[in-house]
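Here are the chains, one letter per residue:
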Amino acid sequence: MKMKRGDAPKTRAPKSVPYVRHGALTRKSRRDREQWARCLKDIVNRPLRTIINLLKKDGVLPERHGVACPHCQRSTLGPLKDFGAKGGGWAHMCKGRDCKRRVLPHAFHPIFRVGTGKSHAGLGDQAAILFCAVSGCTQTTVRYLLKKNHKLAESIYKSLYDARAKYVRQEEKNIRFGEDVEWPGVEADEVDVAKGEGPIRKRDWAPLAKKWLKQRKVILHTDGARSYKLRVDGVVHDWVVHMKKRVKVNGKYAWVKPAFTKVRYHDIADNGCSNKKKRIWVKCGTQIIDRVWGGLRRHLGPNRKVNSRALANKVRSFQWCYWNKGEDLWAQTGNMLTALFQQQHE
Ligand SMILES: [Zn+2]
């Protein structure tokens, strides 16, 4: 495959070259105009039955009526029934004559906990905390809003990050760059999320480039870091050199990459029709990924342990939020949990 990397001034560029990545134009997120189908009012101070029905409808709880009993694996569970305070409240009873065990609507749930004890809370309280977590409240804010102890909030937040991480790792297996559009733009960059990490090295980048980009027919946009200049088959590389600027933020000096784009073209000859070349105009730069890092740092918060599983899951959790930017996050949480419930049964 032959390719040529050209700068705009030497040849006439189209009037405007839009910033396109993965075949999609960049769009601004308008959080101030978003509305979700649910609000906290729908979940707090409601009868438990109402909350259970709502959570089932939203996909946050699985439907248990008619599914195999998790205890005996032989019979199916009956409808949701109130067994009274002494009988454990709302539950599904196994129809098996020698089983008859009761299964709570939120048993074996990736986020909710069943149990008793001092720090335990009912399903309604747990659902309210989850709603706050999904809508972006900090754990401290949740304590003020719902007057619950910090252990409970901590456990729900952690389970939410873990559930998102599991989902993202699953979904990532289906990502194939260059599948939907021809020669899409892909950005790569690295970020320090914890102390003790240096810039990316060629030996870190090589396996990633091979796994995700080799033969995918993509245009890779990076900064000028040397590691990215590795030649990869099926990848056209474009980079912009960021001159770092020293700016004062909140009284402190920091080095930042300035927003920087450049219009270039690539003459791409596909194998099989080597005489015919296609000219693709692109706007170079790593603006999207540069902006993502700020959001990631906010999501991770100040306390980060290097190489911990919790940190890795929180990074994945941010990835989930990024994928669902501008969406009804509660509805998307329901979709995610429903997908995870289905995996449990496979
Ligand atoms: Zn059973």
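Small disclaimer: the values here were computed from a predicted structure and weren't measured.

**Considerations on the sheet that holds strand β8 (residues 218–222)**
Part 1: Reading across from one edge, β7-β8-β9 is the order of the 3 strands in this open sheet, with parallel pairing throughout. Sheet topology places β7 (185–187) and β9 (235–239) at the edges, where each strand pairs with a single neighbour. Ignoring strand direction, the axes of neighbouring strands in this sheet form an average angle of 30°.
Part 2: Judged from the 3 bridges that link them, β7 and β8 form a sheet pairing that is parallel. Each residue of the ladder has a partner; that of Glu-187, found in β8, is His-221.

**Some words on the packing of helix α3 (residues 123–134) against helix α5 (residues 150–172)**
Working note: a packed helix pair is described by the angle between its axes plus the distance between those axes.
Part 1: Viewed as axis vectors pointing N to C, α3 and α5 meet at an angle of 60°, and their least axial separation amounts to 10 Å. On the basis of their axis angle, the class for α3 and α5 is oblique. Where α3 crosses over α5, the handedness of that crossing is right-handed. Only Leu-152, Ala-153, Ile-156, Tyr-157 and Leu-160 of α5 make contact with α3, whose side of the interface consists of Gln-126, Ile-129, Leu-130 and Ala-133.
Part 2: Residue composition of the contact of α3 with α5, grouped by class: 8 nonpolar, 1 polar and no charged.

**Things to note about helix α8 (residues 309–323)**
Part 1: In a regular helix each residue adds 1.5 Å, so 15 residues correspond to 21 Å; α8 covers 21 Å between its end C-alpha atoms and thus fits that length.
Part 2: Within α8, the full set of buried residues consists of Asn-313, Lys-314, Arg-316, Ser-317, Phe-318, Gln-319 and Trp-320.
Part 3: Where α8 is buried, its residues contact α5 and α7 (287–300).

What counts and what doesn't
Residues numbered from 1 in each chain as written. Predicted model: local features only at pLDDT ≥ 70, side-chain atom pairs only at ≥ 80, totals over all residues. Pairing = 2+ DSSP bridges. Helix = DSSP H or I, 4+ residues; strand = E, 2+ residues; numbered from the N terminus. Axes fitted to C-alpha atoms, helices over the stretch in contact; angles between N-to-C directions. Parallel < 35°, antiparallel > 145°, perpendicular 65-115°, else oblique. Left-handed = near helix turned anticlockwise from the far one by under 90°. Contact = placed C-beta atoms within 7 Å. Nonpolar A, V, L, I, M, F, W, Y, C, P; charged D, E, K, R; others polar. Expected span 1.5 Å × (residues − 1). Buried ≥ 20, exposed ≤ 12 C-beta atoms within 10 Å, placed from the backbone.

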